[in-house]
Amino acid sequence: MTSSLAERWRNLREELPASARLLAVSKGHPSSSIRALALLGQRAFGESRLQEALPKQNDLADLEIEWHFIGRLQSNKVRPVVKAFSVIHSVDSLELARRVSRIASEEEVSPSVLLQVKLRPDPSKGGFDADHLQNVWAELSTLPAMRVVGLMTMAPFDCPVMDRRALFSECRHLADHLGLPDCSMGMSGDWRDATAAGSTWLRLGSALFGARPVSAPAMG
Ligand SMILES: *Cc1c(COP(=O)(O)O)cnc(C)c1O
């Protein structure tokens, strides 16, 4: 491992408040980098593409890694995703949540789920609108075989810096209103704003690993 990966990890961990956990977004990075961080004590890793994640999980099966799925979840990938990941950050509709619940129950697993919310217009992303989420909350919160633990959001690419903190605060308030502990918000470019607003999961890729060597799409 280059010393800089370890240094970046240590520096980030030092800067984070105790309430915020670091999700190391390892998409586009090889198993060897994940292993190096895991040996330092990093436990939670995030991947956004199933076909990229599965071989890495296989390489690293000897380690105690908590795998988080953060990519757009297609309905035909729900079964392999619930089998391979214990936390899913990107459940973005009631239909998808029902499907996760049904398939998790068939597979006898119980993933932790974060519901993706869209608090600003953004044609490139999915997500619950805040009012709709509250309207269907009674059903979402009682779906069997999965635990809704929080909300996930992303700022639109063109979100003015001035509005980012407000957006993240809205997500935090909505989570609090629903009694949810976790907010997955903040990426390499905006994690300080997200932390100030009460994020509990910072999804950091390039700030930790450096630029991605192979192209991995940002989540749509
Ligand atoms: C790639 C990705 C990240 C990490 O992005 P960086 O800007 O490299 O930190 C976080 N969240 C999601 C959903 C992603 O797809």
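Draft legend 1. Here's a closer look at the site of the ligand. Taken together, 12 residues surround the ligand, and among them Lys 27, Ser 188, Gly 205, Ser 206 and Arg 212 come closest. Taking Arg 203, its side chain carries an N or O atom lying 2.9 Å from a nitrogen atom of the ligand. In the environment of the ligand, an oxygen atom lies 2.8 Å from a nitrogen or oxygen atom belonging to the backbone of Ser 206. A breakdown of the residues in the shell around the ligand according to their chemical character gives 6 nonpolar, 3 polar and 3 charged.

Draft legend 2. A look at the pairing of strand S8 (residues 201-204). A two-sided burial pattern is seen for S8, the buried positions comprising Trp 201 and Arg 203 on one face and Leu 202 and Leu 204 on the other. Across 4 bridges, the pairing between strand S1 (residues 21-25) and S8 is parallel. Pairing of Ala 24 across the sheet is with Leu 204, part of S8.

Draft legend 3. Layout of helix H8 (residues 161-178). A rise of 1.5 Å per residue sets the reference length of H8, with its 18 residues, at 26 Å; its end C-alpha atoms lie 27 Å apart and thus fit the reference within 8%. Taken as a whole, H8 has its buried residues at Arg 164, Leu 167, Phe 168, Cys 171, Arg 172, Leu 174, Ala 175 and Leu 178. For H8, the buried positions fall inside an angular range of 160° around the axis, keeping them on one side. Of the residues in H8, the exposed ones pointing more than 90 degrees away from the buried face are Met 162, His 173 and His 177. Against helix H6 (130-135), helix H7 (137-140), strand S6 (147-152), strand S7 (182-184) and helix H9 (191-196) lie the buried residues of H8. Just downstream of H8, Gly 179 is the residue with a positive phi angle, here 75°.

Scoring rules and cut-offs
Residues numbered from 1 in each chain as written. Predicted model: local features only at pLDDT ≥ 70, side-chain atom pairs only at ≥ 80, totals over all residues. Heavy atoms only, no water. Near = heavy atom within 4 Å. Polar contact = N/O pair within 3.5 Å; in protein donor to acceptor, adjacent residues only side chain to side chain. Nonpolar A, V, L, I, M, F, W, Y, C, P; charged D, E, K, R; others polar. Buried < 20%, exposed > 50% of the residue type's maximum accessible area, 1.4 Å probe, protein only. Helix = DSSP H or I, 4+ residues; strand = E, 2+ residues; numbered from the N terminus. Pairing = 2+ DSSP bridges. Expected span 1.5 Å × (residues − 1). Arc of directions from axis to C-beta. Contact = heavy atoms within 4.5 Å.

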